[in-house]
Amino acid sequence: MPKISKILLLAVSAVLVVVVFLGMNSSGVSAASTAQDGAYRQINVYSEVLRHIQTDYVTDPDIPAVTNGALRGLLESLDADSSYLTPADYKTYKADKGGKAQAGINVSKRYGYATVVSVVPGSPADKAGLADGDILEAIESEDTRDISLAMIQRMLEGTPGTTLTVSVVRPRKAEPDKVSMVRTMAAVPPVQETMYENASILYLKPEILDHDHVQQVEAKLKAMQKAGNKKVLLDLRDVAAGDMAEATRLANDLLKDGTIATLEGQKVPKQVFTADPAKAINATAPVVVLVNRGTAGPAELVAAALLDNKRADVVGEKTFGEGAQQKTFELPDGAALILSVAKYGSPSGKKLQDEGVTPSVTVASGMDDQTGVDEDAPEDTTPVAVKKPGVQVDEQLTKALDLLKSKAA
């Protein structure tokens, strides 16, 4: 392909993304026109940069790779959930019907790399020692900087019994650890229930906020009086999966009035989700919610709703920060964009995606100092997580229980 044609290919690709991003129908609105004018002016800059890449770079560049990298970077500069999918990637993405075996890792993107948001307890990833905040530098042999989040999530899935190998960047380690796991079809466990203080405190721990698990929580809330429970401890630590509608429902179970959340975008009219008194199950029992850096998405919506409405104390660490609604735009060449088109906000107006949830009572996780990697393991073996000596104390749980004990039922 002639050099000028390659440059035009890149320029046209950039224009295409700008058109889709800003919207092809300006409707004569001056603000939209100004934004589009500014974006199109940047095309001249793009063309100049691309000309130098094509004519002055040390070797003749791989134009498709440069194009894909530029478009992927453009989307990821917006937020972690926006992605560019090549035609091949999008074909794979559409063909994915779900239901595949997994290793138990919830991921997002931070600092350009795949980052562990949370790990499913008892999963292969948990047994392998992966933890919230671990950076997955590579999946198999592919650098995660060069893969969109949508495709990373699919690469973590596979056939039951197959091996997944990742390179994990950890604090105080000069080189990434190679960690191998066997994918399984493990089912999500039911909501965990524990009684404290002679059954006066009901502890509930869902692993996901989907329809079934929210329904399980509701059943336990309805049975509180009969069981002698007077207070609720809702543990949302490492809960990063689920559905925003179900999260809204769960928040409403504990709220008789007030705003639960908002949803708004450039072209998505603002929606306000308000508590319905008729749907509240227990709006008076004292509540404490536990969160950590693995609390994301639907769980953040619940925590923020209860905190901002002064319905509950929130104990733990600042949450991950996830809460956007995506839409897929197909492109003429078979590629696609996955764009965040709206963001969920807390009752106080904070965007979950941007700010997360800051607890009312901050307590750092004591588990970080209790686990590690066996430094004495031979270099050619897979690192194995080991428990360091010492008594493990869940300081967040202890603080939450102390708060509940001090509250009048």
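Residues numbered from 1 in each chain as written. Predicted model: local features only at pLDDT ≥ 70, side-chain atom pairs only at ≥ 80, totals over all residues. Heavy atoms only, no water.

Enquirer: So what's going on with the overall build of the protein chain? Residues and values would help.
Expert: When helices and strands are counted, the protein chain shows 12 helices and 19 strands. Considering the protein chain as a whole, with its 409 residues, one finds that 44% of them fall into the buried category. Relative to all contacts within the protein chain whose residues are 6 or more apart in sequence, the contacts with residues 24 or more apart total 68%. Roughly 20300 Å² of accessible area belongs to the protein chain as shown, and the carbon and sulfur atoms make up 53% of that amount. (Helix = DSSP H or I, 4+ residues; strand = E, 2+ residues; numbered from the N terminus. Buried < 20%, exposed > 50% of the residue type's maximum accessible area, 1.4 Å probe, protein only. Contact = heavy atoms within 4.5 Å. Areas by Shrake-Rupley, 256 points an atom, 1.4 Å probe, with all protein chains shown as cover.)

Enquirer: An account of the nonpolar core is requested, with residue identities and associated values reported.
Expert: Among the nonpolar cores identified, the biggest contains 41 residues, and Leu 209, Ile 260, Val 289, Leu 301 and Val 302 are the most heavily contacted of them. No other element matches helix H10 (residues 298-308), which puts eight residues into this core. Sequence-distant contacts of Val 289, defined by excluding residues within four places in its chain, comprise Leu 234, Leu 236, Ala 303, Leu 306, Ala 312, Asp 313, Val 314 and Val 315. (Core = buried A, V, L, I, M, F, W, Y, C linked by side-chain atoms within 4.5 Å.)

Enquirer: Requested: an account of the pairing of strand S4 (residues 135-139), with residues and values cited.
Expert: Looking along a regular strand, one sees the side chains alternate between the two faces of the sheet. With four of five residues buried, S4 is to be regarded as a mostly interior element. As defined by bridge partners, strand S3 (residues 113-119) adjoins S4 across two bridges and the pair is classed as antiparallel. Bridge pairing links Ala 114 to Leu 136 in S4. Bridging between S4 and strand S6 (residues 163-169) involves four bridges; their strand directions are antiparallel. Across the sheet, Ala 138 pairs through a bridge with Ser 167, a residue of S6. (Pairing = 2+ DSSP bridges.)

Enquirer: Describe in detail helix H7 (residues 211-222), supporting the description with residues and values.
Expert: The end-to-end C-alpha distance of H7, which contains 12 residues, comes to 16 Å, matching closely the 16 Å that a straight helix rising 1.5 Å per residue would cover. Buried within H7 are the following residues: His 213, Val 214, Val 217, Glu 218 and Leu 221. Around the axis of H7, the buried residues are gathered within 145° of arc, so they sit on the same side. For H7, the secondary structure elements touched by its buried residues are strand S9 (201-205), helix H8 (224-227), strand S10 (231-235) and helix H9 (244-253). (Expected span 1.5 Å × (residues − 1). Arc of directions from axis to C-beta.)

Enquirer: Lay out the environment of Val 120 in plain terms, naming residues and giving numbers.
Expert: Mapped onto the elements, Val 120 comes out in the loop between S3 and helix H5 (124-127). The sequence separation of Val 120 and Leu 130 amounts to 10 residues, and the corresponding C-alpha distance is 9.9 Å.

Enquirer: Requested: an account of the packing of aromatic side chains, with residues and values cited.
Expert: Aromatic rings considered in pairs are described by the distance between their centres and by the relative angle of their planes. Using the criterion set out here, one finds three aromatic pairs in the structure. The interplanar angle of 25° and the centroid separation of 6.2 Å between the aromatic rings of Tyr 90 and Tyr 93 together place this pair among those described as stacked. Of the two residues, Tyr 90 and Tyr 93 are both situated in helix H4 (residues 87-95); the distance of three residues between them amounts to about one turn of the helix. (Phe/Tyr/Trp six-rings, centres within 6.5 Å; stacked < 30°, edge-to-face > 60°.)

Enquirer: Quick one: what's the story with helix H12 (residues 395-405), residue by residue and with numbers?
Expert: Turn by turn, an α-helix covers 3.6 residues, leaving residues three or four places apart pointing in a common direction. For H12, the set of buried residues is Gln 396, Leu 397, Ala 400, Leu 401, Leu 403 and Leu 404. In a view along the axis of H12, the buried residues occupy a sector of 160°, so they form one face of it.

Enquirer: Any details on the side chain of Glu 207? Residues and values, ideally.
Expert: Locating Glu 207 in the fold gives a position in the loop between S9 and H7. Buried within the structure, Glu 207 lacks any salt-bridge partner; its nearest side chain of opposite charge belongs to Lys 205, at an N-O separation of 4.6 Å. Those residues in contact with Glu 207 that lie beyond four places of it in its chain are Pro 121, Val 188, Pro 189 and Val 239. (Lys, Arg positive; Asp, Glu negative; His and termini not counted. Salt bridge = Lys/Arg side-chain N within 4 Å of Asp/Glu carboxyl O.)

Keep in mind that these numbers describe shape and distance, not what the molecule does.
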